[in-house]
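Chains, contacts and geometry: an overview
For reference, the chains in residue letters:
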Amino acid sequence: MLTIRQKPTLSVLKFVQIRSGRKPDGVCLVVGSCARGFKDNSTSDVIYSSSSVKKVGDSEVQLFWEAFPAGSGPLDRTTYMFTYIDPQAGSPKLEELLEHCTTILADSTGVTLDNLEIQRVIYGIFPTYRDSPLPAAFNRILQFGDASGIQSPVSFGGFGSLTRHLGRLSTGVYEAVRGDFVDSYSLSLLNPYMPNLSASWLFQRAMSAKQQSDVSPDFINELLYVNFQCMQKLSDPVLRPFLQDVIKFGPLAKTLGLVMLNKPQIIPSIFKQVGIPVLVDWSGHFFMLGYYTLLSTFADPVIRSSFEKCDSSLVGLVWIFWRFHSFQAEIQNNSGSRNDNCRLVSATLVK
Ligand SMILES: Cc1cc2nc3c(=O)[nH]c(=O)nc-3n(C[C@H](O)[C@H](O)[C@H](O)COP(=O)(O)OP(=O)(O)OC[C@H]3O[C@@H](n4cnc5c(N)ncnc54)[C@H](O)[C@@H]3O)c2cc1C
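Just so it is clear, the model here is predicted, and its values are computed rather than measured.

1. Considerations on the nonpolar core
Among the nonpolar cores identified, the biggest contains 30 residues, and Phe64, Tyr84, Leu202, Met207 and Leu252 are the most heavily contacted of them. Of all the elements in the fold, those that place two or more residues in this core are strand E2 (26–36), strand E7 (76–85), helix H5 (195–206), helix H6 (219–234), helix H8 (249–262) and helix H10 (276–309). The element that contributes the greatest number of residues to this core is H6, accounting for six residues. Those residues in contact with Leu202, other than ones at most four positions away along the chain, are Val274, Val278, Leu279 and Trp282.

2. Some points on the confidence of the model for the protein chain
On average, residues of the protein chain carry a pLDDT of 84, and 83% of them reach 70 or more. Contacts from residues 1–11, a stretch scored under 50 in pLDDT, to residues over four places away or in other chains number 17 contacts. A low-confidence stretch, residues 337–351 stays under pLDDT 50, and its non-local contacts, those more than four residues away or across chains, total 29 contacts.

3. Structural notes on the site of the ligand
Among the 12 residues in the neighbourhood of the ligand, the closest are listed as Asp146, Gly157, Gly158, Phe159 and Gly160. In the model, an oxygen atom of the ligand is placed 2.6 Å from a nitrogen or oxygen of the Gly160 main chain. Elements supplying a minimum of two residues to the shell around the ligand: strand E8 (117–128) and helix H3 (158–179). The leading source of residues in the shell around the ligand is H3, at three residues. Classifying every residue of the shell around the ligand gives seven nonpolar, four polar and one charged.

4. Some remarks on the sheet that holds strand E3 (residues 45–48)
Strand order in this open sheet of five strands is E3-E6-E7-E2-E8, and the pairing throughout is antiparallel. Every other strand in the sheet has two partners, leaving E3 and E8 as the edge strands with one partner each. Here the average twist between neighbouring strands, direction ignored, is 15°. Of the pairings in the sheet, the one linking E3 to strand E6 (residues 64–69) comprises two bridges and is antiparallel in character.

5. So, the packing of H5 against H10
In contact at an axis separation of 8 Å, H5 and H10 are set at 145° when each is read in the N-to-C sense. Handedness of the H5/H10 crossing: left-handed. Residues Pro195, Asn196, Ser198, Ala199, Leu202 and Arg205 of H5 lie in contact with H10, whose contacting residues are Val278, Leu279, Trp282, His285, Met288, Leu289 and Tyr292. Tallied by class, the residues present in the contact of H5 with H10 amount to nine nonpolar, three polar and one charged.

6. Comments concerning the pairing of E6
Pairing of E6 with E7 involves six bridges; the strand directions are antiparallel. Across the sheet, Pro69 pairs through a bridge with Arg77, a residue of E7. Here E6 folds back onto E7 in antiparallel fashion, the turn holding six residues.

7. Things to note about H8
Its 14 residues place the ends of H8 20 Å apart at the C-alpha level, agreeing with the 20 Å of an ideal helix rising 1.5 Å per residue. When H8 is considered as a whole, its buried residues turn out to be Pro251, Leu252, Thr255, Leu258 and Val259. Buried residues of H8, viewed axially, fall in a sector of 135°; they line one side.

8. A closer look at unusual backbone geometry
Cis geometry is adopted by the peptide bond preceding Pro133, which originates at Ser132 and carries an omega value of -5°. Mapped onto the elements, Pro133 comes out in the loop between E8 and strand E9 (141–142).

9. So, the environment of Ser50
Within the element layout of this structure, Ser50 appears in the loop between E3 and strand E4 (54–56). Sequence spacing of Ser50 and Leu63 is 13 residues, and the spatial spacing of their C-alpha atoms is 7.9 Å. Beyond its immediate chain neighbours, meaning those up to four positions away, Ser50 contacts Trp65 and Ile104.

10. So, the environment of Ser216
One can find Ser216 in the loop between H5 and H6. By relative accessible area, Ser216 is classed as partly exposed at 36%. When the C-alpha positions of Ser216 and Ser269 are compared, they lie 8.3 Å apart, and in sequence the two are 53 residues distant. A polar side-chain atom of Ser216 sits 2.9 Å from the main-chain amide nitrogen of Asp218.

11. Quick word on the side chain of Arg77
By the secondary structure assignment, Arg77 is in strand E7. This buried residue, Arg77, is left without a salt bridge; Asp45 holds the nearest opposite charge, at 4.4 Å. Among residues more than four places away in sequence, those in contact with Arg77 are Ser33, Cys34, Ala35, Phe38, Asn41, Thr43, Ser44, Asp45, Ala67, Phe68, Pro69 and Ala70.

12. Section: the pattern of salt bridges
For the coordinates displayed, the defined rule picks out eight salt bridges. Across the pair Arg22 and Asp131 runs a salt bridge, and its minimum N-O distance is 2.9 Å. A residue pair is termed long-range when its members are at least 10 positions apart, and Arg22 in the loop between helix H1 (12–15) and E2 and Asp131 in the loop between E8 and E9 qualify at 109 residues. A relative accessible area of 35% places Arg22 in the partly exposed class. Residue Glu60 is joined to Lys55 by a salt bridge in which the shortest nitrogen-to-oxygen separation is 3.8 Å. Taking the relative accessible area as the measure of exposure, Glu60 reaches 23% and is therefore partly exposed. Shared partners join several salt bridges into a network, and the residues in it are Arg19, Arg22 and Asp131.

Definitions and limits used
- Each residue is numbered by its place in its chain's sequence as written, counting from 1.
- With pLDDT at 70 or above as the cut-off, local features in this predicted model cover only qualifying residues; side-chain atom pairs require 80 or more to be listed or tallied, and sums for whole chains, interfaces and linings still use all residues.
- Side-chain descriptors were evaluated using all non-hydrogen atoms of the structure, hydrogens and water having been removed beforehand.
- Definition used in this section: a nonpolar core is a set of buried Ala, Val, Leu, Ile, Met, Phe, Trp, Tyr and Cys residues joined via side-chain atoms within 4.5 Å.
- Buried, partly exposed and exposed residues are distinguished by accessible area as a fraction of the type maximum, computed with a 1.4 Å probe on protein chains only: under 20%, between the cut-offs, and over 50%, respectively.
- For helices the rule is a DSSP run of H or I covering at least 4 residues; for strands it is a run of E covering at least 2, with both sets numbered from the N terminus onward.
- Whether two residues are in contact is decided by their heavy atoms, any of which lying within 4.5 Å being enough.
- Confidence of the predictor at the level of single residues is captured by pLDDT, which takes values from 0 to 100.
- Nearness is defined per residue: one heavy atom within 4 Å of the molecule or strand is enough.
- A 3.5 Å cut-off defines polar contacts: any pair of N or O atoms within that distance qualifies, except that in protein one atom must be a possible hydrogen donor and the other a possible acceptor, and neighbouring residues in sequence count only when both atoms are side-chain atoms.
- In this count, Pro and Cys sit with the nonpolar residues alongside Ala, Val, Leu, Ile, Met, Phe, Trp and Tyr, while Asp, Glu, Lys and Arg are called charged and the others, Gly among them, polar.
- The rule for pairing is simple: two strands pair if DSSP sees at least two bridges between them.
- Helix axes are fitted only over the stretch in contact, all axes being lines through C-alpha atoms; the angle between N-to-C directions runs from 0 to 180 degrees.
- Handedness of a crossing follows from how the near helix is turned relative to the far one, being left-handed for an anticlockwise turn of less than a right angle and right-handed for a clockwise one.
- Multiplying 1.5 Å by the helix residue count minus one yields the expected span of that helix.
- Directions are taken from the helix axis to each C-beta atom, and the arc is the one they span.
- In this tally, Asp and Glu contribute negative charge and Lys and Arg positive charge; neither His nor the terminal groups of the chain are included.
- A pair is scored as a salt bridge if a Lys or Arg side-chain nitrogen falls within 4 Å of a carboxyl oxygen belonging to Asp or Glu.

Written out as structure tokens, the structure is:
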């Protein structure tokens, strides 16, 4: 959370309730540990699934794993087990998941708890809201980091996400403070609609086990398998952005196209798993992602060079620029382009 020129008019309590205690649209539950004692500790798993949908507590869940060597010692390994759920009564408890995690860990690695020295136990509940990022609700207060809801609903890599947006945000905050555009509307332009983020929500829904499901318990694994197989065929330009948590229109369109050609029989199950309303909503975000990419590729260079030629002393232009700059940064972040030149453009204007 970043507070611009603090005024003691709003309590933090009021601020943290921007969503007014609304139930999240999705939740990712994570449990795991950092433990010493793994002799075979030279590989990492970004996302690994070793079973189909199974029951934990009263709930059906699809479990995923992530594991990598930890920096604290050659035998130290961090292991997470996570699952995406639709939050409701009866959802699994973290204790139940942790219990499950230790059993499966022993089964799959052959390392029992007795042979491990637990350094740290990890657990977390990551809520997701479909209407993210969260626009500023109050004058002079800007949500920042996880509080702004810019993290992916699939990876929850909020730190990585924050670093990707840091250049845009620091320039934007500088301009907002300098131009005194610190009302909630202006600050909201720094947390704009992001079609790539909204489009990612479908992936979370596709990876959450339904409680009364009419799809096979292997569906999620099959979907992941065919997607990764297609991305691998399409090679690095497609696979790399996805693994780096960057959703781009071109790679996404190519992957979906290839999945449809390679495994068309999976499409009816996708409809059943995520539901028609979610798919219709997603199509809108996918279209917008394409539109933003088009603007970023063709309109951005023209508008940018026009602004660079403008007389920077014209005060009236500052507002237009602020609006343009937010939109432009928004387009670039959403289309996956880099925005290295934003700082250059803003520096020219505020001289
Ligand atoms: C198990 C796990 C694994 C993760 N792995 C990754 C990863 O691999 N890659 C990645 O990019 N991200 C990862 N993340 C996410 C990453 O940790 C977060 O996105 C990042 O820490 C967000 O930083 P932040 O500063 O926005 O929020 P936080 O780190 O949550 O900081 C918010 C701070 O505000 C404090 N606070 C809260 N309320 C108040 C209050 N009322 N008054 C004062 N202080 C308050 C909190 O105590 C906290 O210190 C992981 C998270 C978890 C839990």
